Amino acid sequence: MAVRTGWITIAQLPLVFLLAGKRNLIGYATGTSYERLNWIHRWVARCMFITATIHLGYFFRTWGRYDYIERKLEIDVIARTGLGAWCVLLWITLSSFAPIRGWRYELFVVQHMISFIGFIVMVRLHAPKKAHVYVWVPVAVFLLDRALRIIFMLYTNLAIFHPGRRHKPNGLFTCNATFHGLSDKATTVVILDPPFKWSPGQHAFVSCHSLVPLQSHPFTITTLPSDNSLEFVIRTQKGGTEKLSDHAWCGQVWTGQDRTGGGVEGEPNSHFPPTLLTLVG
Ligand SMILES: Cc1cc2nc3c(=O)[nH]c(=O)nc-3n(C[C@H](O)[C@H](O)[C@H](O)COP(=O)(O)OP(=O)(O)OC[C@H]3O[C@@H](n4cnc5c(N)ncnc54)[C@H](O)[C@@H]3O)c2cc1C
C-alpha cells in the first residue's frame, strides 16, 4: 500500500501541470478558459498532497515501530529526497491558500515557480527510473505552455506581424495605449486599432514595463472587436493598478483633496504621449 500510494501520487503530477497552464491544452480541448481550470488544478494538487502524506505515513509508521526513522533518513538518499519532496509539497499547498496567495500576488507567483522546480527535482531524485516519465511529462507541459505564451506575445506585440494596420505604430511594437483616469478608483486604457480579434467577455494580460516592470495583469476587454478599439476598465488597487492610475492622472491640476467628486481640472491624459503596452490574449 505504501508503494501503491507513491504511484498514485506521482501519476497525478502531469494532470496538475496540464491544468495549470495559461495556454491550456485541456482548455483548448474542452473550450474552457484557464482560470476556470485553475481551481481544479488546486484541488488535484491538494489530492496529490493527501496521497503523498499517506505514502510517507506508511513508511514512517513502519520505520517508527523499530525506532528507525532517524537512522533511515541518515543512510538512505531515497528516504531523504522523499521527505524533502513532501516538505516542498506541504509548503506549496499551504502557500496556495487564498489569503496567502492574495497577500502579494507577484511574490506568490515567483515562490510558486521556485517551489515547484524544487519539488520536481526532489521527485526526480526520489522516484524509481520507470516512474521518470511522470516527471518529464510535466516538464514538457510547462515548457510548451511557456513557449506558446512567448510566441503569442511576440506575434501580438511586434509591429512586423501587423503591417496593414490603420494606426501604424512608430517603432517595433504594436500597442500604444492612452490612459484616462475616471476617478481615484478606476482607470480606462484604450488601444486603437488593436492587433488581434477577441470575443465578448474575454480578457487579456496587460503589461506596461515602463510603469510596472516585469508584471502582467489580467483585465476584461470591455469593447467589441467591431469597435476597432480595445478598452479596459481597471479598478485601482494597491499594486501595479495604482501606478497605472497615477500615470493616468499625472499632470492634472487638483482642486479637491482627492480625485473623487469632480475636483479635477484639466483634460485626462490624452495629451501625454501614448504609453507602450504589451498584451497577451
Ligand atoms: C480573468 C480576470 C479578469 C479580470 N478583469 C478585471 C477587469 O476588467 N478590471 C479590473 O479592474 N480587474 C480585473 N481583474 C482583477 C485584476 O487582474 C487585479 O485586480 C489586478 O491584477 C490587481 O493588480 P494590483 O497589482 O494593483 O493588485 P494588488 O493591490 O497587489 O492586489 C489586489 C488583489 O489582486 C490580486 N492580483 C494581483 N495581481 C494579480 C494578477 N496578476 N492576476 C490575478 N490577480 C492578481 C491580488 O491577489 C489581490 O487579491 C481580473 C482578474 C482576472 C483573474
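These numbers were taken from a predicted model, which means no experiment stands behind them.

### Describing the site of the ligand
Line of reasoning, step 1. Taken together, 18 residues lie around the ligand, and Arg235, Gln237, Lys238, Gly239 and Thr241 are the ones closest in.
Line of reasoning, step 2. Those elements giving two or more residues to the shell around the ligand turn out to be β4 (212-220), β5 (229-235) and α10 (240-249).
Line of reasoning, step 3. Partitioning the shell around the ligand into residue classes produces six nonpolar, eight polar and four charged.
Line of reasoning, step 4. Two domains each provide a minimum of three residues to the shell around the ligand, namely domain 1 (2-138) and domain 2 (176-280).

### Things to note about the UniProt feature "transmembrane region" (unreviewed entry) in the chain
Line of reasoning, step 1. Within this structure's numbering, the places UniProt gives as "transmembrane region" (unreviewed entry) are residues 6-22, 43-63, 83-100, 107-127 and 133-158.
Line of reasoning, step 2. The span residues 6-22 carries 71% helix and 0% strand; its end-to-end C-alpha distance comes to 28 Å.
Line of reasoning, step 3. The straight-line gap between the two end C-alpha atoms of residues 83-100 is 24 Å; of that span, 89% is helix and 0% is strand.

### Considering the packing of helix α1 (residues 2-11) against helix α4 (residues 34-65)
Line of reasoning, step 1. With their axes 8 Å apart at the nearest point, α1 and α4 run at an angle of 155 degrees to one another. Classified by the interaxial angle, the pair formed by α1 and α4 is roughly antiparallel. Taken as a pair, α1 and α4 cross one another with a handedness that is left-handed. Contact residues: α1 offers Ala2, Thr5, Gly6, Ile8 and Thr9, while α4 offers Met48, Thr51, Ala52, Ile54, His55, Tyr58 and Phe59.

### Remarks on the pairing of strand β1 (residues 176-183)
Line of reasoning, step 1. Of the pairings in the sheet, the one linking β1 to strand β2 (residues 186-192) comprises six bridges and is antiparallel in character. Of the residues in β2, the one forming a bridge with Ser183 is Ala186.
Line of reasoning, step 2. Between β1 and β2, which pair antiparallel one after the other, the connecting turn spans two residues.

### Description of α1
Line of reasoning, step 1. Listing the buried residues of α1 in full gives Gly6, Thr9 and Ile10. Considered in projection along α1, the buried side chains sweep an arc of 90 degrees and stay on one side of the axis.
Line of reasoning, step 2. Among the structural elements, α2 (13-18), α4, α8 (105-126) and α9 (133-157) are those in contact with the buried residues of α1.

### Observations regarding the nonpolar core
Line of reasoning, step 1. Among the nonpolar cores identified, the biggest contains 22 residues, and Val16, Phe17, Ala85, Val88, Leu89, Phe119 and Val123 are the most heavily contacted of them.
Line of reasoning, step 2. Where this core is concerned, the elements lending two or more residues are α2, α4, α6 (77-95) and α8.
Line of reasoning, step 3. At five residues, the largest contribution of residues to this core is made by α6.
Line of reasoning, step 4. By size, the runner-up hydrophobic cluster in this structure holds 15 residues, among which are Ala177, Ile221, Leu230 and Trp249.

### Describing the packing of α8 against α9
Line of reasoning, step 1. α9 packs onto α8 with a crossing angle of 155 degrees between their chain directions and a minimal axis gap of 9 Å. Compared by their axis directions, α8 and α9 come out roughly antiparallel. The handedness of the crossing between α8 and α9 comes out as left-handed. When α8 is examined against α9, the residues Ile120, Val123 and Arg124 are found in contact with a partner set consisting of Val135, Pro138 and Val139.
Line of reasoning, step 2. Classifying every residue of the contact of α8 with α9 gives five nonpolar, no polar and one charged.

Conventions we followed
- Residues numbered from 1 in each chain as written.
- Predicted model: local features only at pLDDT ≥ 70, side-chain atom pairs only at ≥ 80, totals over all residues.
- Near = placed C-beta within 6 Å.
- Helix = DSSP H or I, 4+ residues; strand = E, 2+ residues; numbered from the N terminus.
- Nonpolar A, V, L, I, M, F, W, Y, C, P; charged D, E, K, R; others polar.
- Domains from an automatic or database assignment.
- UniProt positions renumbered as here; feature names shortened; annotations may be inferred.
- Axes fitted to C-alpha atoms, helices over the stretch in contact; angles between N-to-C directions.
- Parallel < 35°, antiparallel > 145°, perpendicular 65-115°, else oblique.
- Left-handed = near helix turned anticlockwise from the far one by under 90°.
- Contact = placed C-beta atoms within 7 Å.
- Pairing = 2+ DSSP bridges.
- Buried ≥ 20, exposed ≤ 12 C-beta atoms within 10 Å, placed from the backbone.
- Arc of directions from axis to C-beta.
- Core = buried A, V, L, I, M, F, W, Y, C linked by C-beta atoms within 7 Å.

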